[in-house]
Amino acid sequence: MRFRQILLLLLLALAIGAFVALDLGRYLSFDQLKASQASFAQLHAEQPFTVAVVYFLVYVLATALSFPGATIITLAGGAVFGLWQGLLIVSFASTVGATLAFLASRFLLRDWVEARFGQRLADINAGVNREGGFYLFTLRLIPVVPFFLINLLMGLTRMKVWTYYWVSQIGMLAGTAVYVNAGTQLAQLDSVKGILSPALLGSFVLLGLFPLIARRIVAAVQKRKVYARWADQRPQTFDRNLIVIGGGAGGLVSAYIAAAVKAKVTLIEAHKMGGDCLNYGCVPSKALIKSAKLAHQMRHASNYGLSDAAPSFGFKAVMQRVQDVIKAIEPHDSIERYTGLGVEVLQGYGKLVNPWTVEVALNDGTTQRLTARSIVIAAGARPFVPPLPGLDGVGYVTSDSLWGEFSKLDEVPKRLVVLGGGPIGCELAQSFARLGSHVTQVEMGARIMVREDAEVSELATAALEADGVQVLTGHKALRCELRPSPVNASAAKQSMDRHASLAMTNEGLAMTSEGVASTFEKCLIVEHKGQEQVIPFDQLLCAVGRVARLQGYGLEDLGIPTHRTVETNEYLQTIYPNIYAAGDVAGPFQFTHTAAHQAWYAAVNALFGEWKLFKADYSVIPWATFIDPEVARVGLNEQEAKEKNIAYEVTKYNIDDLDRAIADSEAHGFVKVLTVPGKDKILGVTIVGAHAADLLAEYVLAMKHGLGLNKILGTIHTYPTMAEANKYAAGEWKRTHAPQRLLAWVKKYHDFKRGA
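Quantities reported herein were computed from a predicted structural model and do not represent experimental measurements.

A. Highlighting the overall build of the protein chain. Tallying secondary structure elements over the protein chain gives 27 helices and 24 strands in all. Counting every position in the protein chain, which comprises 756 residues, the buried fraction comes to 44%. Looking at the protein chain alone, contacts between residues at least 24 apart form 68% of all its contacts between residues at least 6 apart. Carbon and sulfur atoms make up 60% of the accessible area of the protein chain, which totals about 38,400 Å².

Okay, here's the thing in structure tokens:
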């Protein structure tokens, strides 16, 4: 705590102590006020300005210090100054005092509260920034809510001081007027209780509820306004309850839920059911990772007491296995399965015509129009291709297209450049390196996997480099070029004679200015520390991220805002309350499991939102990068906690001490848990090691249901398993939080029992 905070606390303590010691509260009673009314009136008549100033200052001080008796002081204002002058003085004095209390609370307590409850307070602050003034106004209109409590609690938020002042000034005016007016009739009052009759209290409650009711009315008007241009196109009846555009994870789950609750639902998919995850992402990449890991284990069989062996394989066979894995999983997401579940599946491109109508350009060339009460857009995302000069000239693949393009190759690419240091780039870079490619990974940032803690990035870099990946961080891609590469002149001439009529291509031949025959090779030009470098390659993989598919669905025609993703509210609604978005197209995460998670909210809100809307919950989102060793995380890591100014403790267990990891020759990595200081509440977990993504599930469950490390420590874990790492991490936390004083007394007890 800073010196100024300590000083202010001392001053407040002295003021409160003086109030109690001098028994100043006796002057703030109803009887004392009535007895002193005449003398106050006389004093005011003699020195009106001085009395007004002193009264103003006393009122400000009492309000700022949250002293009891504000009601009595307000009555005194009416009794001494009359209605209008009293209302003017009390209104400003009460607001100034409330603002001072607000500032004192902020100065003394907000940093401490944010340090302990930062994430929870961040959510509150987001709401305050959005609608804080509105709710403060509502609270100020209801005098049954203690105003001093409002002052203190609002000070803990990020509400602007000026907003707090003027909203309080207006909001407290009605209640202030009632008490000041009552003060003008002080002689006729028997007690303070007589001021607020049940009818008057009810009126205040209704007054306080009015902004909420008005807000509903405004929302209804806005809803009517947003649909106004389509009013003449709204169907009288609907063909379906729900239309879902997109057959990826988000769309499949949305359609499944709708069918499960017996709604009539149509799913529209133009290409492959299962979306990116099944066909281009999660499934094929994990199949490739498995083959690459086996090749790696064969080369390092001596780690298991066997002889090292160079794996012999055909690259086409490896890529065919990837396709076979996709085909084996396809039935889970097939048209036949979903039709059997009660979902109508149409193959074609869906486009919004109006808020209730979707036009489907079917793959057979026909067109069909469908209507539904609600629509879910789950169009997914596509790889982002950077605007790199010369990129189209040299050719490239993405995480989507490589499966088809590389399946045509007889051998693994000899020289592969991977552009991007995120999870996709890292997984594919390591896999192809293990299969025999010379892989160069280019990342513009200072480190790969930048969303993870620095130590995780370092371990990932070391793992990739151990497998032969050349990791170039801090290298900015500038352009791609075709550069001549000298070859044997006679061989080149023979080749030129054979292909004299062939137009120049990337693989063609040319004559340099010196007349020496040469071939062209593909090169990536990068910049590092102000110097250009040339990286030759045979294949270039762009893995610099993915962008939402926003074009071609009629979003722009309906005026639905988009900025990288479809803009939605907390219920996943667009500006049209009956149109929802889920999955990669909605963000903020691009995970299959998050898309499925959002799909539940989108489908349930779309079908039952008129009765109850559910806010999408992103509080516990796990994710993993499937390099070797795996990296898995849920909740906060250290760099995020620091960025958000959230206090935390770190507990770390190194997996190299785990029996099963040693037996499997996988003794590397760690479990790192962030907890609330002094408590076992889990803020976040990062696991690096074999099966990290599987181990993380226990922590995801614990965080979701509010279980702490003590519960994990008290759970039996099978021996010997990798899952014991979670228990040992909890044990490390317990060891550092052992009650040392109690243990010292226990030791004395045992010494006594031994007669020592």
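Next comes the rest of the account.
B. Focus on the sheet that holds strand E21 (residues 630-635). Across the sheet, which stays open at both edges, the five strands sit in the order E20-E21-E24-E23-E22 with antiparallel pairing between neighbours. Because the sheet does not close on itself, it has two edges, and the strands there are strand E20 (622-625) and strand E22 (649-654). Each strand of the sheet is rotated relative to its neighbour by a mean of 10°, with strand direction disregarded. For E21 and strand E24 (residues 682-689), the ladder comprises six bridges, and the chain directions are antiparallel. In the strand pairing of E24, Ala632 is matched with Ile687. Contacts from helix H18 (residues 454-466) reach E21, E22, strand E23 (670-675) and E24 within the one sheet, and its direction differs from that of E23 by about 165°.

C. Focus on the nonpolar core. Among the nonpolar cores identified, the biggest contains 39 residues, and Leu288 and Phe432 are the most heavily contacted of them. Going through the elements one at a time, helix H12 (282-299), helix H13 (315-329), helix H16 (402-406), strand E8 (415-419), helix H17 (423-434) and H18 are the ones with two or more residues in this core. For Phe432, the residues in contact, after removing those within four places along its chain, are Leu288, Phe315, Leu402, Phe406, Val412, Leu416, Ser437 and Val439. Ranked by size, the runner-up nonpolar core spans 28 residues in total, among them Ile268, Leu352, Ala548 and Leu558.

D. Representation of a nonpolar patch on the surface in the model. Residues Phe148, Leu149, Leu152 and Leu153 make up a contiguous nonpolar surface patch of about 340 Å² in total accessible area. Checked against the element boundaries, Leu149 lands in helix H6 (residues 147-154).

E. Representation of the packing of aromatic side chains. Enumeration according to the criterion identifies 15 aromatic pairs in this entry. Geometrically, the ring pair formed by Phe591 and Trp623 is stacked, given 5.5 Å between the ring centres and 25° between the ring planes. Taken together, the positions of Phe591 in the loop between strand E19 (579-581) and helix H21 (592-608) and Trp623 in strand E20 put the pair 32 residues apart, joining distant regions of the chain. With a relative accessible area of 10%, Trp623 lands in the buried category. Aromatic pair Trp600 and Tyr601: ring centres 5.0 Å apart, planes at 85°, arrangement edge-to-face. You can call Trp600 partly exposed: its relative accessible area is 37%. By relative accessible area, which is 11% here, Tyr601 ends up buried. Positioned above the aromatic ring of Trp623 is the side chain of Arg451, whose terminal nitrogen or guanidinium carbon lies 4.8 Å from the ring centre. Its guanidinium or amino end placed over the ring of Phe670, Lys652 lies 4.4 Å from that ring's centre, counting from NZ or CZ.

F. Local environment of the sheet that holds strand E10 (residues 470-473). Taking strand neighbours across the sheet as the criterion, the five strands line up as E7-E15-E8-E9-E10 in an open arrangement whose pairing is parallel. Each of the sheet's edge strands pairs with one partner strand only, and the pair in question is strand E7 (397-398) and E10. Relative to strand E9 (residues 438-443), E8 runs parallel, the two being bridged by five bridges. By the bridge assignment for E9, Val418 is matched with Gln441. Sitting on the sheet, H17 is in contact with E8, E9 and strand E15 (539-542), with an inclination near 165° to E9.

G. Region of the structure containing unusual backbone geometry. With an omega of 0°, the peptide bond between Gly587 and Pro588 qualifies as cis. The topology assignment puts Pro588 in the loop between E19 and H21. Put simply, Asp628 and Pro629 share a cis peptide bond, and its omega is 5°. Of note in this structure, Met449 is not a glycine but carries a positive phi near 50°. The residue Met449 is located in the loop between E9 and H18 in this model. In this structure, Leu572 takes a positive phi of about 70° despite not being glycine. With respect to the helices, strands and loops of the structure, Leu572 is situated in the loop between strand E18 (565-566) and E19. Judged by relative accessible area, Leu572 falls into the buried class, the value being 2%.

H. Geometry of the confidence of the model for the protein chain. Per-residue pLDDT for the protein chain has a mean of 87; in total, 86% of the residues score no lower than 70. A low-confidence stretch, residues 488-493 (pLDDT under 50), is modelled with four contacts involving residues beyond four sequence positions or located in other chains. Considering only residues more than four positions removed or in separate chains, one finds that residues 495-517, a stretch of pLDDT under 50, has 31 contacts.

I. Geometry of the pattern of salt bridges. The tally for this structure, following the rule as stated, stands at 30 salt bridges. Asp276 is paired through a salt bridge with Arg546; the nearest N and O atoms lie 2.8 Å apart. Placement of the pair is Asp276 in helix H11 (residues 275-279) and Arg546 in strand E16 (residues 546-548), with a sequence separation of 270 residues. Like Arg546, Asp276 is buried. Of the charged contacts, one joins Asp276 and Arg549 as a salt bridge, the two residues approaching to 3.4 Å between their closest N and O atoms. With Asp276 in helix H11 and Arg549 in the loop between E16 and helix H20 (555-558), this pair connects stretches of sequence that are 273 residues apart. Overall, Arg549 belongs to the partly exposed group, its relative accessible area being 23%. Residues participating in the shared-partner salt-bridge network are Asp453, Glu455, Glu638, Lys652 and Lys672.

Rules and cut-offs
- Residues numbered from 1 in each chain as written.
- Predicted model: local features only at pLDDT ≥ 70, side-chain atom pairs only at ≥ 80, totals over all residues.
- Heavy atoms only, no water.
- Helix = DSSP H or I, 4+ residues; strand = E, 2+ residues; numbered from the N terminus.
- Buried < 20%, exposed > 50% of the residue type's maximum accessible area, 1.4 Å probe, protein only.
- Contact = heavy atoms within 4.5 Å.
- Areas by Shrake-Rupley, 256 points an atom, 1.4 Å probe, with all protein chains shown as cover.
- Pairing = 2+ DSSP bridges.
- Axes fitted to C-alpha atoms, helices over the stretch in contact; angles between N-to-C directions.
- Core = buried A, V, L, I, M, F, W, Y, C linked by side-chain atoms within 4.5 Å.
- Patch = residues over 30% accessible without salt bridge, like charges linked within 9 Å, V, L, I, M, F, W, Y side chains within 5 Å.
- Salt bridge = Lys/Arg side-chain N within 4 Å of Asp/Glu carboxyl O.
- Phe/Tyr/Trp six-rings, centres within 6.5 Å; stacked < 30°, edge-to-face > 60°.
- Lys NZ or Arg CZ within 6 Å of the ring centre and 35° of its normal.
- pLDDT = per-residue confidence, 0-100.

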